[in-house]
Amino acid sequence: MRIAPTFAATRAACRGTVGLVPTMGFFHEGHLALIETAREQADTVVVSLFVNPLQFNDPADLARYPRDFDRDASLAESAGADLLFAPPPEEMYPEPPAVRVSLPALSAELEGAHRPGHLDGVAVVVAKLYAGLQPHLAFFGRKDAQQLALVTRLAADLSFPIRVVGCPTLREADGLALSSRNVFLTPEGRVSARALSRGLFAAADAAAAGERSGAALEGAAAAELEAVGVSAEYVAMAAAAEAVRIPRLDRPAFLAVAARVGAIRLIDNVFLWPDGRADRGRFLERPSLLYSKGKGC
Ligand code: PAF
């Protein structure tokens, strides 16, 4: 695997079908699964690693964001990456960007409502990655369901000839969605955090049994959080393509939850289809490598 600090050097090293896995580093199995999927579908797999200041609405969150370049480089290589595009800030933003990239129709609710500016910051950096690296395929996790809707629509609206591939969420064996923030959960918080996936799975069970009402499905998920005293920022069923809340499961959708468990903000979702199918993600058989190799945030 080659490490490339510039857009030009990365582009010059690409051959055939190029698959891009955009990341902010500090890898766990979710990132590695994206790289492995890209490996199956592309001739050249480019992993980008850039902690994008534009998408942090809380400076403290940016300051404590975990960074371990050597660890990430070694994991990316072992998962099958050909190129690690790791630009210094002046390559990504030679000037403070004057451009704004915003998808208001997809950013008004959910994360967009609770993290002002976050999705606009994601849209700017992903547009730069699309334009600067010119991949044919781009791989994103379904865990960030609203982000996935946004980066898909961004490619379509700006005519980037890119197919965006959504990949399943990776989970601990007990259902907790992988996030580098998980390592900051206290032992009690770790137990409470299971309520997020438990609630989402209860809703998926209800959908499989025929429930189509958004309020009922949201209620099934919220009940599990309330039972353990976890306060939700939102529990919402939204159309998968638009990330806008819908009252009935009558199109592809996701049921998303954001909650604070102690001081830690967690998000999770299940994708749902009108015929009752659900994507609950993939489950690990052993504890995540997050716990064996350093700490995340
Ligand atoms: O999902 C992430 O890690 C980031 O939002 C992304 C897509 C790499 C943009 O900085």
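Here's a quick rundown of the structure.

The rules behind these values
- Residues numbered from 1 in each chain as written.
- Predicted model: local features only at pLDDT ≥ 70, side-chain atom pairs only at ≥ 80, totals over all residues.
- Heavy atoms only, no water.
- Near = heavy atom within 4 Å.
- Polar contact = N/O pair within 3.5 Å; in protein donor to acceptor, adjacent residues only side chain to side chain.
- Areas by Shrake-Rupley, 256 points an atom, 1.4 Å probe, with all protein chains shown as cover.
- Phe/Tyr/Trp six-rings, centres within 6.5 Å; stacked < 30°, edge-to-face > 60°.
- Buried < 20%, exposed > 50% of the residue type's maximum accessible area, 1.4 Å probe, protein only.
- Lys NZ or Arg CZ within 6 Å of the ring centre and 35° of its normal.
- Pairing = 2+ DSSP bridges.
- Helix = DSSP H or I, 4+ residues; strand = E, 2+ residues; numbered from the N terminus.
- Contact = heavy atoms within 4.5 Å.
- Axes fitted to C-alpha atoms, helices over the stretch in contact; angles between N-to-C directions.
- Parallel < 35°, antiparallel > 145°, perpendicular 65-115°, else oblique.
- Left-handed = near helix turned anticlockwise from the far one by under 90°.
- Nonpolar A, V, L, I, M, F, W, Y, C, P; charged D, E, K, R; others polar.
- Lys, Arg positive; Asp, Glu negative; His and termini not counted.
- Salt bridge = Lys/Arg side-chain N within 4 Å of Asp/Glu carboxyl O.
- Patch = residues over 30% accessible without salt bridge, like charges linked within 9 Å, V, L, I, M, F, W, Y side chains within 5 Å.
- Core = buried A, V, L, I, M, F, W, Y, C linked by side-chain atoms within 4.5 Å.

Some words on the site of the ligand
Every residue close to the ligand is listed here: P22, T23, M24, Q55, V122, V125, F140 and Q147. Take Q55: an N or O atom from its side chain is 2.6 Å from an oxygen atom of the ligand. Measuring from an oxygen atom of the ligand, one finds a side-chain N or O atom of Q147 at 2.7 Å. Within the complex, the protein chains bury 88% of what would otherwise be the 290 Å² of accessible surface of the ligand.

Structural notes on the packing of aromatic side chains
This structure, assessed with the given rule, holds 6 aromatic pairs. Measuring from centroid to centroid gives 5.5 Å for F56 and Y65, while their planes differ by 80°, and the two rings are edge-to-face. Each of the two residues, F56 as well as Y65, counts as buried. The side chain of R142 reaches across the aromatic face of F271, ending 5.0 Å from its centre. The ring of W273 has R277 lying over it, and the distance from NZ or CZ to the ring centre is 4.9 Å.

Points about the sheet that holds strand β11 (residues 278-279)
What the 4 strands build is an open sheet, ordered β8-β9-β10-β11; its pairing is antiparallel. On the outer flanks of this sheet lie β8 (231-239) and β11, each paired with one strand and no other. As defined by bridge partners, strand β10 (residues 264-272) adjoins β11 across 2 bridges and the pair is classed as antiparallel. The residue of β11 that forms the bridge with L272 is A278. Here helix α11 (residues 214-227) sits on the sheet in contact with β8, β9 (253-261) and β10, set at roughly 150° to β8.

Some details on the packing of helix α10 (residues 187-208) against α11
Packed helices, taken two at a time, are described by the angle their axes make and the gap between the axes. Packing of α10 against α11 leaves a shortest axis separation of 7 Å and a crossing angle of 150°. One finds that α10 runs roughly antiparallel with respect to α11. Both α10 and α11 take part in a crossing whose hand is right-handed. Residues A195, L196, R198, G199, L200, A202, A203, A206 and A207 of α10 form the contact with α11, whose participating residues are L217, A220, A221, E224 and L225. Its residues assigned to classes, the contact of α10 with α11 shows 11 nonpolar, 1 polar and 2 charged.

Brief notes about the side chain of E172
Along the chain, E172 turns up in the loop between β7 (170-171) and α10. Within the buried set, E172 has no salt-bridge partner at all; the shortest N-O distance to an opposite charge, 4.6 Å, is to R190. Contact partners of E172, with chain neighbours within four places excluded, come to L178, R190, F283, L284, R286, P287, S288 and Y291.

Some words on a nonpolar patch on the surface
On the surface, M1, I3 and F69 cluster together into a nonpolar patch covering about 240 Å² of accessible area. Considering the arrangement of structural elements, one finds M1 in the segment before β1 (2-4). By relative accessible area, which is 31% here, M1 ends up partly exposed.

With respect to the nonpolar core
Formed by 47 residues in total, the largest nonpolar core has its most connected members in V46, M92, V126, Y130, F140, V164 and F254. When residues of this core are traced back to their parent elements, those giving at least two are β2 (18-23), β4 (83-85), α8 (118-133), β5 (137-141), α9 (145-157), β8, β9 and β10. Non-local contacts of F140, meaning those with residues more than four positions away in its chain, are made with P22, L34, V126, Y130, Q147, L148, V151, V164, V165, G166 and C167.

Function-wise, these values are silent; they only describe arrangement.
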